[in-house]
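# Working through the structure, step by step
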Amino acid sequence: MPDYRTLSLETPRLTLRPLQAGDAGALFGIHSDPRFTRFFSHAPWTQMAQAHELIERDQADLASGEHVRLGLVRRSDGVLLGTCTLFKIQPNNRRAELGYGLGVAHWGQGHAQEAVRALLSWGFGPLGLHRVEADIDPANESSAKLLRRLGFQLEGRLRERWIVDGVVSDSEIYGLLAPEWQTRNQQA
Ligand SMILES: CC(C)(COP(=O)(O)OP(=O)(O)OC[C@H]1O[C@@H](n2cnc3c(N)ncnc32)[C@H](O)[C@@H]1OP(=O)(O)O)[C@@H](O)C(=O)NCCC(=O)NCCS
């Protein structure tokens with residue numbers, strides 16, 4: 001299995017790199033905000049230990065190569081804006097799932113798009129993926145917009161798939177295939 005603990009990707013404004021122990025405070029700030037977790041798969045964090053646990057778990061997941069979460073660090077001031085993730089990486093099917101999230105203060109500036117584009121280039125490039133999929137809450141308009149801008153197609157709706165804090169919600173499944181990604185990027 002490949003080991004991604006030293007993976008680092010650069011975009012015009014960001015460095016994408018694995019989370020480190022020193023990111024715990026910023027990560028807790030992001031994940032404890034109910035505006036951030038509204039459409040996320042977990043309730044708002046209440047304890048700093050949750051941030052430490054995620055960072056420690058990530059190190060093991062990066063080492064096993066099944067899950068690659070990278071922190072989005074703004075190069076101009078070193079602030080951690082959020083994370084983006086390829087998870088459930090299945091080498092046999094050359095498939096992975098995509099996730100992302102930015103602290104509320106950093107929405108609306110194109111940072112998610114910039115970071116996810118770099119992660120997809122790596123995923124469809126060196127990692128050799130054929131398909132990337134995303135599972136989003138149908139009410140998460142910003143997330144749907146981001147996926148459509150990157151070329152994802154809406155493929156279907158799965159009913160009552162999530163129960164977070166007693167709230168039941170459907171999933172919309174979006175997919176993007178390697179040839180579609182390559183065609184878009186050759187045109188760009
Ligand atoms: C989903 C999420 C990452 C989208 O963040 P975002 O900042 O809206 O996404 P983008 O990076 O694509 O930014 C696009 C916006 O920035 C604007 N923008 C400003 N400067 C820009 C620039 N230099 N380049 C590109 N876009 C720019 C765009 O016009 C666009 O605005 P619009 O949505 O009003 O049209 C964010 O809402 C989030 O973190 N939500 C909480 C977590 C979550 O729900 N994650 C998804 C779970 S499936």
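What counts as what
- Residues numbered from 1 in each chain as written.
- Predicted model: local features only at pLDDT ≥ 70, side-chain atom pairs only at ≥ 80, totals over all residues.
- Heavy atoms only, no water.
- Helix = DSSP H or I, 4+ residues; strand = E, 2+ residues; numbered from the N terminus.
- Rg over C-alpha atoms; globule rule 2.2 N^0.38 Å.
- Buried < 20%, exposed > 50% of the residue type's maximum accessible area, 1.4 Å probe, protein only.
- Contact = heavy atoms within 4.5 Å.
- Axes fitted to C-alpha atoms, helices over the stretch in contact; angles between N-to-C directions.
- Parallel < 35°, antiparallel > 145°, perpendicular 65-115°, else oblique.
- Left-handed = near helix turned anticlockwise from the far one by under 90°.
- UniProt positions renumbered as here; feature names shortened; annotations may be inferred.
- Pairing = 2+ DSSP bridges.
- Phe/Tyr/Trp six-rings, centres within 6.5 Å; stacked < 30°, edge-to-face > 60°.

With that settled, the discussion passes to the overall build of the protein chain. A count of helical and extended segments in the protein chain gives 6 helices and 8 strands. Listing every helix and strand of the protein chain by position from the N terminus yields β-β-α-α-α-β-β-β-α-β-α-β-β-α. Relative to the compact-globule value of 16 Å for 188 residues, the protein chain shows a C-alpha radius of gyration of 16 Å, a close match. Each principal axis of the C-alpha distribution contributes one length, and for the protein chain these read about 45 × 40 × 35 Å. Across the 188 residues in the protein chain, those meeting the buried criterion constitute 47%. When contacts within the protein chain are restricted to residue pairs at least 6 apart in sequence, those whose partners lie at least 24 apart make up 60%.

At a closest axis distance of 9 Å, the pairing of helix H1 (residues 24-31) and helix H3 (residues 48-64) adopts a crossing angle of 115 degrees. Between H1 and H3, the angle falls in the class roughly perpendicular. As H1 packs across H3, the resulting crossing turns out to be right-handed. Counting all contacts with H1, which are made through Ala 24, Gly 25, Leu 27 and Phe 28, the residues of H3 involved are Met 48, Ala 51, His 52, Leu 54 and Ile 55.

Time to look at the UniProt feature "domain: N-acetyltransferase" (unreviewed entry) in the protein chain. As annotated by UniProt and renumbered to match this structure, "domain: N-acetyltransferase" (unreviewed entry) occupies residues 14-179. Along residues 14-179 one finds 33% helix and 36% strand; the C-alpha atoms at either end are 26 Å apart.

Residues in a regular strand project their side chains so that they alternate between the two faces of the sheet. Burial runs high along strand S8 (residues 167-177): 8 of the 11 residues are buried. Both strand S6 (residues 131-136) and S8 contribute to a ladder of 6 bridges, which runs antiparallel. Within S8, the position partnered with Ile 136 by the bridge is Glu 172. Across 8 bridges, strand S7 (residues 153-164) lies against S8 in antiparallel orientation. Bridge pairing links Leu 154 to Tyr 174 in S8. Hairpin connection between S7 and S8: a loop of 2 residues separates the two successive antiparallel strands, and Asp 165 in this loop has a positive phi of roughly 55 degrees.

On to the packing of aromatic side chains, then. Considering all chains together, one arrives at 3 aromatic pairs under this definition. When the centroid spacing of 5.1 Å and the interplanar angle of 90 degrees are considered together, the rings of Tyr 4 and Trp 122 count as edge-to-face. In this pair, Tyr 4 sits in the segment before strand S1 (9-10) while Trp 122 sits in helix H4 (residues 111-124), placing the two residues 118 residues apart along the sequence. With 4.9 Å between their ring centres and 40 degrees between their planes, Phe 36 and Phe 40 make a pair best called tilted. By relative accessible area, Phe 36 is classed as buried at 7%. Owing to a relative accessible area of 26%, Phe 40 belongs among the partly exposed residues under this scheme.

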